[in-house]
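# Examining the three-dimensional arrangement
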Amino acid sequence: AMRLEQLAQDMRLQPPGRRAEVVAQAGRAWLEGRNASRAVAAFSAALELSPDNPELWIDRAEAYADAENYWEAVDDLNRAIELDRRRADAYTFRAAAYRLVKEYGLAMEDATRAVELAPNLADAWLERAILHRLKSDVPAARRDFLQVLLLDPDGAAGEAARANIEAMELKLGNEPPQAPPTRRRR
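What you see is a predicted model, and the numbers here were worked out from it, not measured in a lab.

### A short note on the nonpolar core
Membership of the largest hydrophobic core comes to 52 residues, with the highest contact counts inside it found for Phe145 and Val148. With eight residues, the top contributor of residues to this core is helix H8 (residues 122–134). Those residues in contact with Val148 that lie beyond four places of it in its chain are Ala122, Trp125, Leu126, Pro153, Ala157, Gly158 and Ala161.

Take a look at the structure:
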């Protein structure tokens, strides 16, 4: 990450978009290294160079969420969605952030919108299923968890769906196994 940041500084004569991409790669490296504050700083620098790039806003939102700054994540996801209203991943991620700050109505709106935009996005179905479960709507939660299993049987979303279905069947309480907003797959 530090080498990429240095490379971006050395690229002062390059177009801003190119420099932003290198700084964003540094941010992703900081995220992988579990250093959310450095990731936020890198993505902020990238956004100064390329403020109309929705991907960068989503990346910085992910860094904010890693630091448990969910309202800042929501703000960045709002901007990403303003720039591209077809980003199902942004709606899914914002739904998760809203859930974590207990804004369940807004979370459900976003999760449903994500499912509509990308019916094959398992993470969107998972988020909506968790929200149904939080509302004690077991039939709707089960339906959405089963859809997750169809879409991502061997992945992280499928694993979370299985855990939730098992907990519902064992009646372990209404609170679903909590997970922070899922990392986007690259």
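After presenting the structure, the write-up continues.
### A short note on the side chain of Asp152
On the secondary structure map, Asp152 appears in the loop between helix H9 (138–151) and helix H10 (156–169). Here the side chain of Asp152 touches Gly155 through a polar contact of 3.2 Å, landing on its backbone nitrogen.

### Examining the packing of H8 against H9
One can describe the packing of H8 onto H9 by two numbers: an axis separation of 8 Å at closest approach and a directional angle of 160 degrees. In terms of axis orientation, H8 runs roughly antiparallel to H9. Once H8 is placed against H9, the crossing between them reads as left-handed. Together, Ala122, Trp125, Leu126, Arg128, Ala129, Ile130, His132 and Arg133 of H8 and Ala140, Ala141, Arg143, Asp144, Phe145, Gln147, Val148 and Leu151 of H9 make up the contact between the two elements. Among the residues forming the contact of H8 with H9, the class breakdown is 10 nonpolar, two polar and four charged.

About the cut-offs
- Residues numbered from 1 in each chain as written.
- Predicted model: local features only at pLDDT ≥ 70, side-chain atom pairs only at ≥ 80, totals over all residues.
- Heavy atoms only, no water.
- Core = buried A, V, L, I, M, F, W, Y, C linked by side-chain atoms within 4.5 Å.
- Buried < 20%, exposed > 50% of the residue type's maximum accessible area, 1.4 Å probe, protein only.
- Helix = DSSP H or I, 4+ residues; strand = E, 2+ residues; numbered from the N terminus.
- Contact = heavy atoms within 4.5 Å.
- Polar contact = N/O pair within 3.5 Å; in protein donor to acceptor, adjacent residues only side chain to side chain.
- Axes fitted to C-alpha atoms, helices over the stretch in contact; angles between N-to-C directions.
- Parallel < 35°, antiparallel > 145°, perpendicular 65-115°, else oblique.
- Left-handed = near helix turned anticlockwise from the far one by under 90°.
- Nonpolar A, V, L, I, M, F, W, Y, C, P; charged D, E, K, R; others polar.

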